[in-house]
Amino acid sequence: MSQTSAALGRIQPSATLAMSARVNALKAEGVDVIGLSAGEPDFDTPDFVKEAGIAAIRNNLTRYTDVDGTADLKEAVAFKFKRDNGLVYKRSQISVNSGGKHTLFNALVATVDAGDEVIIPAPYWVSYPDIVNFAGGTPVFIEAPASQGYKITAAQLEAAITPRTKWIILNSPSNPSGAAYSADELRALGDVLLRHRHVLVMTDDMYEHVWYAPTPFATIAQVCPDLYERTLTVNGCSKAFSMTGWRIGFAGGPEWIIKAMGKLQSQSTSNPCSISQAAAVAALTGDQDFLEERNAAFRKRRDMVVAMLNDAPGLDCPTPEGAFYVYPDASGVIGKTTPKGQLIDSDEALIGYFLDEARVAAVHGAAFGLSPAFRISYATSEETLKKACTRIQEACAALR
């Protein structure tokens, strides 16, 4: 008899976190390895946000709060949704959680039963299918290759929907590809969803403010108002505000989903950290001007990384429209052999070669559901990125 639950057996450890742990272990051994696997901005939390957290401690805001967020933070989240997305939510339509992953977990575990299908475009963030599997549901993947800009089409969505479909998850800008749906592309998907009223829509907008496309960011409940009553709009403070360790995610959506998420949270984590909640109020309602400066830095890094990876023999790196990742197609190096005679027969083998020989850590595409490819985070200094990309170029050039 297994000592762990069947639900635990349905999931795998996060591939991105596993690679980050491996990089940390190598660095502890003194190895000169460049880690580009972590999805974490290298900028510090803004000072005004840190000061709000410090003030919360000094003012003794260190006790339990309401299970799914303070009234102040829910008002701040509502303010953010109205300001940035034109979406109006009451406090009863908002859930605050311990990070965006917790938000997604709560929503899926609270609503998915065995036999329910959840449509997930690939490439996808590594946690989506595992959370669905944990809940007992069935992930249904739609492949969106580089030739489609890593975005699904309306025809693909129509073909994937069945009577058992419970959710579709849309992530824009995307982790891992950086692909971003335009308002027109979202409307096309929305037209399909309007014909299938049993399907709920989950939008993961965590990278909303890391945006380079010429058109403004859009989310589906904004551009398809008729989907508002069955859309859960997920966001958080981690990426835009460099608050990954503060662990604040949130969502706006139908009251019945929010209530179900709160019920689950009441028996798991209870409230998010009270200090982090106070800091998040400042983040969401304070000066947003710093975002433009940070985006300019990310854009400059993106352009350099894309150019350098496209100069690596066998790699084809599309230019992402958001987030801080690139997702190069590695088809041109699969089947080649390393100087030591190892066959590169998969993107996982390629990433192992980069780590062992070039001392650069990335994450293989199979972990994101679309191969052969790999993900690199460019949320680090230009100097480090240039060094890493040079190593990748040399490693690719050495393949035969």
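What counts, and at which threshold
Residues numbered from 1 in each chain as written. Predicted model: local features only at pLDDT ≥ 70, side-chain atom pairs only at ≥ 80, totals over all residues. Heavy atoms only, no water. Helix = DSSP H or I, 4+ residues; strand = E, 2+ residues; numbered from the N terminus. Rg over C-alpha atoms; globule rule 2.2 N^0.38 Å. Contact = heavy atoms within 4.5 Å. Areas by Shrake-Rupley, 256 points an atom, 1.4 Å probe, with all protein chains shown as cover. Lys, Arg positive; Asp, Glu negative; His and termini not counted. Charge placed at Lys NZ, Arg CZ, Asp CG, Glu CD. Salt bridge = Lys/Arg side-chain N within 4 Å of Asp/Glu carboxyl O. Buried < 20%, exposed > 50% of the residue type's maximum accessible area, 1.4 Å probe, protein only. UniProt positions renumbered as here; feature names shortened; annotations may be inferred. Axes fitted to C-alpha atoms, helices over the stretch in contact; angles between N-to-C directions. Parallel < 35°, antiparallel > 145°, perpendicular 65-115°, else oblique. Left-handed = near helix turned anticlockwise from the far one by under 90°. 1 Å grid on protein atoms, 1.4 Å probe; cavity = no way out; pocket = protein on both sides within 12 Å on 5 of 7 lines; lining within 4 Å. Points joined across faces, edges and corners; volume = space filled by probe spheres on them. Domains from an automatic or database assignment.

### Notes on the overall build of the protein chain
Thinking step 1. Looking only at helices and strands, the protein chain has 14 helices and 12 strands in total.
Thinking step 2. For 400 residues, the compact-globule estimate of 2.2 N^0.38 gives 21 Å, and the C-alpha radius of gyration of the protein chain, at 21 Å, lies within 12% of that figure.
Thinking step 3. The C-alpha extent of the protein chain, read off along each of the three principal axes, is 60 × 55 × 55 Å.
Thinking step 4. Contacts in the protein chain between residues at least 24 apart in sequence constitute 74% of all its contacts with a sequence separation of at least 6.
Thinking step 5. With an accessible surface of roughly 16700 Å², the protein chain has 52% of that area assigned to carbon and sulfur atoms.
Thinking step 6. In the protein chain, 37 positive and 44 negative side-chain charges are present, and the distance between their average locations comes to 3 Å.

### Observations concerning the pattern of salt bridges
Thinking step 1. Following the criterion strictly, the structure yields 20 salt bridges and no others.
Thinking step 2. Taking the shortest distance from any N to any O, the salt bridge between Arg195 and Glu158 comes out at 2.7 Å. One end of the pair, Arg195, is in the loop between helix H8 (183–194) and strand E6 (200–204); the other, Glu158, is in helix H7 (residues 154–160), with 37 residues separating them in the sequence.
Thinking step 3. Assessed through its relative accessible area of 30%, Glu158 is described here as partly exposed.

### Here we look at the UniProt feature "domain: Aminotransferase class I/classII large" (unreviewed entry) in the protein chain
Thinking step 1. Within this structure's numbering, the places UniProt gives as "domain: Aminotransferase class I/classII large" (unreviewed entry) are residues 32–392.
Thinking step 2. Counting secondary structure, residues 32–392 comes out at 39% helix and 14% strand; the distance between its end C-alpha atoms is 14 Å.

### Points about unusual backbone geometry
Thinking step 1. At the junction of Ala122 and Pro123, the peptide bond is cis and its omega measures out at 10° in the coordinates.
Thinking step 2. When you line up the elements, Pro123 lands in the loop between strand E3 (117–122) and helix H6 (127–135).
Thinking step 3. Residues Ser172 and Pro173 are joined by a peptide bond in cis, for which omega reads -10°.
Thinking step 4. Here Asn60, not a glycine, exhibits a phi torsion of approximately 60°, which is positive.
Thinking step 5. We note that Ser270 has phi near 60°; this positive angle belongs to a residue other than glycine.
Thinking step 6. Tracing the backbone shows Ser270 in the loop between helix H10 (255–266) and helix H11 (274–285).
Thinking step 7. Judged by its relative accessible area of 23%, Ser270 is partly exposed.

### Structural notes on the packing of helix H2 (residues 15–28) against helix H13 (residues 347–358)
Packed helix pairs are specified by the crossing angle of their axes together with the interaxial distance, meaning the distance between the axes.
Thinking step 1. At a closest axis distance of 12 Å, the pairing of H2 and H13 adopts a crossing angle of 15°. In terms of orientation, H2 and H13 fall into the roughly parallel class. In the packing of H2 onto H13, the handedness of the crossing is right-handed. Packed against H2, whose contacting residues are Met19, Arg22 and Leu26, the element H13 presents Ile351, Leu355 and Asp356 at the interface.

### Remarks on the layout of surface pockets
Thinking step 1. Looking at the largest pocket, its volume works out to about 530 Å³.
Thinking step 2. In terms of lining residues, the largest pocket is bounded by 27 residues, among which Gly39, Lys101, Trp125, Tyr207 and Lys239 are the most central.
Thinking step 3. Mapped onto the lining of the largest pocket, the elements with two or more residues apiece are H2, helix H5 (100–111) and H6.
Thinking step 4. Taken together, domain 1 (4–42 + 288–396) and domain 2 (45–283) each give at least three residues to the lining of the largest pocket, which thus spans both.

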